[in-house]
Amino acid sequence: MQQQGAAAAAASRLVEVRQAAQLLKFKFAVDEKIGDLSLLGVGNVGTSGAYNTASIAMPGAPATGAGGVAEFVVRRSVPLTAELLRRQTAIEMRSAMGVFPEIKRAWLVIDNKLYLWDYTHSDGSGGEVDFLAIDYIQQVIVSVALVHPKGNVFVSSVKHALIVATTAEVHVLVASFDDSAPNKLKVTSTGLVVGSDNVTMNKIVGTRLGRVFMCGSDGFLYELDYRAVDSWFTRKCRKISRSSTARSAMLPSFFKWFTSTDALVDATCDDTRHTLFTLSESSCIRAYDLGSDGLGTPVEVAHVDKVWYEAQKLCMENFGTPVTLPLDPSKKPPDREVDELFEHFMTEVPNARAALGPLSTAQKWETLKQNNRVVTRYVHTITAVTAADAQRVQLIAVTCSGLRLYFTTLGQMQHPGTRPSCLALVHVRAAPAAAAAGSTPFRVVTHGASGEFFIASPTQGGDGDTLVAVAPAVSVANSFCESVASARVDGSLFAIEEVPTSGADVSPDATSSTLSTLTPDAGDLVPTLGHVSARNELPPWAPQRAFVCLTTTRVLEVAHLRPVDQLREILAASYGNDADVELTRFFDRFGDVQACALCLALCASPKLDATTATESNVANWAARAFYRFGGQPQFRRPYADGAEGSGAAVAPSAATGALTAELLVYSSRHEAVALYFARLLRPVWATPILRKTKMGQLQFYVSKQALRSLESSIAALYEFLNDLARQSYSGLSVGSSGMQSQEHSVQKRLLTMLRRPAADEAQRLEQRSLLRLSLLMEHAMQAARLLVVLAENGLFCQGMPLPTDDEVASLCKCRFAEFVCTQQGFVLANVLLRVLLQLCITRDDTQVDQLRDTLSKQCGAYFSRGASMRFQGMDALARARLCPPQSPEQAVCLQQAVVVLKQVADTPVVEVCETLLDMGVFMGAIDLCLTLARLRDPQDVAVTHYRAGCPAGDPAAGEVYAWRCECYECVQHALTLLWLPDDQCLARLGKTAEEAAKLWEEVLMRCLEARDELLHGVVYRFLLDNAPDLLVSVCTRAADAEPFLRQFAPRLLARWYEANDRLAEAATVLVALADSQETHLSEKLEFLSTSLSLLGASPPSSEQQQQLADVQERVEVAQVQLQLHAALSVAKSVEVQAAREDLDLNLRPLAHLLDIARKLDLPRCELAALHCAGGGAGAPAVADAWRRLFAKEGSLEPFLITVAELGRKYIPSPTFPLGFLVNLMEARNVEELEAGITAGASPPSPYRVAALLFATWPHTNAVFDAYDELLTRGGETWHEPVTRRLHLLHVLLYVAQQWLNTARLRREGARDVRAHMNASLAQYKAELSRWGSDEAAQLLRDFEQLK
């Protein structure tokens, strides 16, 4: 009963958890549109009004000021070392600068020397620790790039490859850090060098897979391919042209000097979609597909060579006017493009052509400049947009004037996951006003991975540059917005690079893909999660972006403050003042719900550094702001003040419980908790538990580190709510409304956390919702902890135990949401725990108890008391295997295992019973099976399901029935092992054949003693298959044997009725068996005969007498049918065989049998049928049958034998017509006698017919009368010739003598015999006296001598 109560409580908790999950389903969609580039709109042109004004906080300045919170903060400003500046003055041919944030180094190229400087640990002296010079390269260096190395080429400690391109060669170097000095960089030459063929590599980019692409000054795209060793036909380092045609590849390299080229100046890779983009000097952008795996040959998909015209066309189609942008008179395009641009201008001003007249190309150019129609058309740089940033935008091109062009490689109807097929411009965005106010052209333009955009231009005084920074502004509205800030920096900017982030602990990328079909138990629990842009910095996993800016004098590290960082700065600056203007403005900007969620990120974060006083104060201030701006729940009219949103719910009346006409709008605190919790769960909510690798191995879909981070984040949120409830409402005790309650639990405190008036219905409903969320937090935490424990114990390592194939498929389909919120998830958790136990057994792990305690404490929802006991019992069973066979230690372990597992309903009964039976513990296995069957189904649902015929419409009852059948299969297995054990089985069990037989009887009696109808059915089935006679004897008095035998063994049912003195019912069963088509004709007759005998032995009654008569008649008809069936066996025709098969399976009426006999000319069978019908009414039919039978015999002798045989059956009855047969046989007898005399052969006996009749017929007088009537009324056949009448008289004399002899033997009165024949004898004598022949005289004397 305790387990039933626990199961009911768990089911109730699951209902509450699922309701909380339904609430989170609406919160998942909140972040999907924030910051996404799809909000730009196809064809929309941004203006300077679409920017928010922000600021850049320089070092030493506060992040908040009169202008609000700074969007960008300069975290570090490091001046260049004197040594680096000194070397910079020694330039002879070429100099370049840049930064490698991946290794925290700034680089400087001076002619053929490369210098690397650690700007994070520099002491300003330029010593060995922070300064590295590479001076062994001979040619002038033209470009440098830091890329990922290829796999299986360098040692594992090499994480970066340094590609250095000179005017004549391309070198591959490797950069690694010293283990003894982590900050000390070591650059090593690999000897991998390839010639450049006098091509200047303007830009080098690499992919995450180690591929390296180079932009050639000849307009070709090259790939640097390197490997560890040379092959037969390929060098280990080579340069491959990826954009040349077959014809151009055959030309010598010096021919390129005589052709005009469009040099490639920039390239960018998208490692998420495996695409590559290049930019040429004439602003031609090309898109390449690297294959779905990123390892294919680059294929050019599309290109755009007139970028400006595409932008102009897009603007004209949507707005009817071109975009006016700053002029760039310093660059004049080719004459052909000037003519095309002028013609386009003439279409806008139709009357200008006649006024201007014919113009030269130079005049057209001047006209275009004067009319503000010449703008910067040349793209400065391009940046690939990853799938994390946007789904339908793949590339951003930035012009020298700050114009941004957004491109897509997808068609209008293509799914975002398809391969690129085009390159189309979808959006044009102008430079911000702060950038437009500066001078042009801009020197440095760069674009961050998540949308941060930096522009650098010279200041008016020329003593420095103006840095303009643009970043996506988080907007809770469905609109695209950016913030812009500017600041003056010392020196001229040379490079700006983004600092790579280490990545979030839990990546949300997996949720953007379509996963497997939901299980039926999940329903609509797991929504189809959309894409969350990396530009959205509201979720907790969003990292802080940082950029390194390199000027001629210093290195600046600029950080982009996320909203949570801005909130931290505001709280720290205001010291938690709730009335602070900036804090109020922050809540107004983001809304109360979003801002409260950001407060939770500060006060309920596991990464909170409690040791820092400032951070601790910020956490307290954030918690205070959370309550200050959190609001209260309230009822509102439908569709009023946005109450119809996701935070609204239909509320019942407190008095009547009926639904009111108002909607409940939850407080911002409640919505913030749900939103923050949804953001924590989102990265794993729709991910499967397991996945199969390409090698077929199983591994957890989410990493162990990510699960730890998730668990700690949810635990921090849960503990935060717990602490607040404890501090504010300590001492209060509130019930949990039917849910599991523990003293001082967070559920009780959450019920009162937001309570104001006790009768406030809105607060009561919100408290209820918070309670559901807390339950979901518990389940999610415990699910993450369980998976962490499983991963830490090496589950699914190579060579370890695995679940079944069906279980693996379910685990790969089951997602984290289903694992947390559904019963199927708990079933799969038990599967994983079972595998964990098998793993511990395999390892002979002695820490099972410690592991069990850990699971009980940390994963109580999944590792309940029943699971703990199952773990304990299985461990005892495993220890029993390790003990010596038949030893006391093994017996103790087995007894402990059985005692413990009998208390666990979901024990793996098959596995346990097989182990017990292998060890010879038969009675323990039987008791375990019977106990578990009753424990799992105390209400006998399975029995009801079985009696109803196992209908398919009740899956729950079918599941219980299947479980109990699984238990009983183990019982049947035990009976089978002991029934006829072979020598090997006996040796394994350690028993003799007699002991096994005795044990079998004990097991059988134990099963029959149990009051379990389903178990008895299994036992009966076993006995039916192996010992049917024993089945009747052992279940004579069992009440449940009757329905089993009626369904499965009706033949034994008749015997069971007979054994229980229920003879009439036994007869009824036998008659039904005779009517069944499953029995053959001989069996049918046997059943009817046995039924007849049973009815005769049963107590008489009127109804029984009628039944007896019916059965008697059916027996007679069945005998006729059996005779007919045997007669048909000699026939070979198809028709006859079909009739025979029908007669074998079905009892047919007598008329049907008679028709078959006549149709197939079977007179014997016809006589039998006429005899059964009482042939008096069918005398002609009987005579006809005898006549045809006589015709078939052909002669008298065989017919006499047939008559003798049939006479014994049919005498006396109408079926044996004596007179007709005497006439028929004597006529043939006379004919044969006459024929024999004529032929001179030995004649047969004239008395053979009479002798046969005397031997067959019981009444001799009837034979005499038949002959007498034949002589008297025999017709002309017996009147002429006289010899025939003499023959009859001789036979009559023989009959009379035999009659008298028989009478004397039987001691009958001879006087009576003579009195019967006197009249006839007198007639015979008179006739003989008239003939006068010697034969007649002698015959007369013989008659007179009769005594």
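The shown structure was predicted, so the numbers you read here are calculated from the model rather than taken from an experiment.

Q: I'm lost on the nonpolar core in this one. Help?
A: In a soluble, globular protein the nonpolar side chains are often hidden away together inside. Residues F677, F816 and F819 are the most contacted members of the largest nonpolar core, which totals 183 residues. Sort the elements by how many residues they give to this core and helix 16 (residues 761-792) lands first, with 14 residues. What F819 contacts, discounting residues up to four positions off in sequence, is I689, A783, L786, L787, C814, G825, L828, A829, L832 and Y862.

Q: Explain the packing of aromatic side chains to me, please; I cannot follow it from the model alone.
A: Going through the model one piece at a time under the given rule, you end up with 19 aromatic pairs. Seen in terms of ring centroids, W1186 and F1199 are 6.2 Å apart; in terms of plane orientation they differ by 90 degrees. Their pairing is edge-to-face. In this pair, W1186 is assigned in helix 39 (residues 1179-1193) and F1199 in helix 40 (residues 1196-1210), connecting sequence segments 13 residues apart. Here a set of aromatic residues connected by ring pairs shows up, and it is made of F586, F587, F590 and F629. In this arrangement the basic side chain of R691 is found over the ring face of Y701, its NZ or CZ atom lying 4.8 Å from the centre.

Q: Help me understand helix 39, please; the structure alone is not making it clear to me.
A: Within an α-helix, residues lying three or four positions from one another point in the same direction, as the helix has 3.6 residues per turn. When the terminal C-alpha atoms of helix 39 are compared, their 21 Å separation across 15 residues agrees well with the 21 Å that a helix rising 1.5 Å per residue should span. Those residues of helix 39 not exposed but buried are A1181, V1182, A1183, A1185, W1186, L1189 and F1190.

Q: Hey, could you run me through the side chain of S1091 in this one?
A: Here S1091 is to be found in helix 34 (residues 1081-1097). Judged by its relative accessible area of 0%, S1091 is buried.

Q: How should the environment of L1147 be read in this particular structure?
A: Looking at the secondary structure, you find L1147 in the loop between helix 36 (1134-1145) and helix 37 (1150-1159). Classification of L1147 as partly exposed rests on a relative accessible area of 23%. Sequence-wise, L1147 and R1114 are 33 residues apart; in three dimensions their C-alpha atoms are separated by 8.7 Å. Filtering out sequence-adjacent residues up to four positions away, L1147 remains in contact with A1074, D1075, L1081, K1084, L1088, R1114, A1118 and Q1121.

Q: Honestly, the sheet that holds strand 9 (residues 113-118) in this entry has me stumped. Any pointers?
A: In any sheet, the strands associate via hydrogen bonds between backbone groups, in a parallel or an antiparallel arrangement. Pairing within the open sheet is antiparallel, and its 4 strands lie in the order 7-8-9-10. The sheet is open, and its two edges are formed by strand 7 (95-100) and strand 10 (131-134), each paired on a single side. Averaged over neighbouring strand pairs, the angle between their axes works out to 15 degrees when direction is ignored. Here strand 8 (residues 105-110) runs beside strand 9; their pairing, made up of 6 bridges, is antiparallel. Residue pairing for strand 9: L108 is matched across the bridge by Y115.

Q: Would you explain unusual backbone geometry in this entry?
A: Negative phi values dominate among residues other than glycine, just as trans dominates among peptide bonds. Here the phi dihedral of K104 falls at roughly 55 degrees; this positive angle occurs in a residue that is not glycine. Mapping K104 onto the fold places it in the loop between strand 7 and strand 8. Its relative accessible area of 45% is what places K104 among the partly exposed residues.

Parameters at a glance
Residues numbered from 1 in each chain as written. Predicted model: local features only at pLDDT ≥ 70, side-chain atom pairs only at ≥ 80, totals over all residues. Heavy atoms only, no water. Core = buried A, V, L, I, M, F, W, Y, C linked by side-chain atoms within 4.5 Å. Buried < 20%, exposed > 50% of the residue type's maximum accessible area, 1.4 Å probe, protein only. Helix = DSSP H or I, 4+ residues; strand = E, 2+ residues; numbered from the N terminus. Contact = heavy atoms within 4.5 Å. Phe/Tyr/Trp six-rings, centres within 6.5 Å; stacked < 30°, edge-to-face > 60°. Lys NZ or Arg CZ within 6 Å of the ring centre and 35° of its normal. Expected span 1.5 Å × (residues − 1). Pairing = 2+ DSSP bridges. Axes fitted to C-alpha atoms, helices over the stretch in contact; angles between N-to-C directions.

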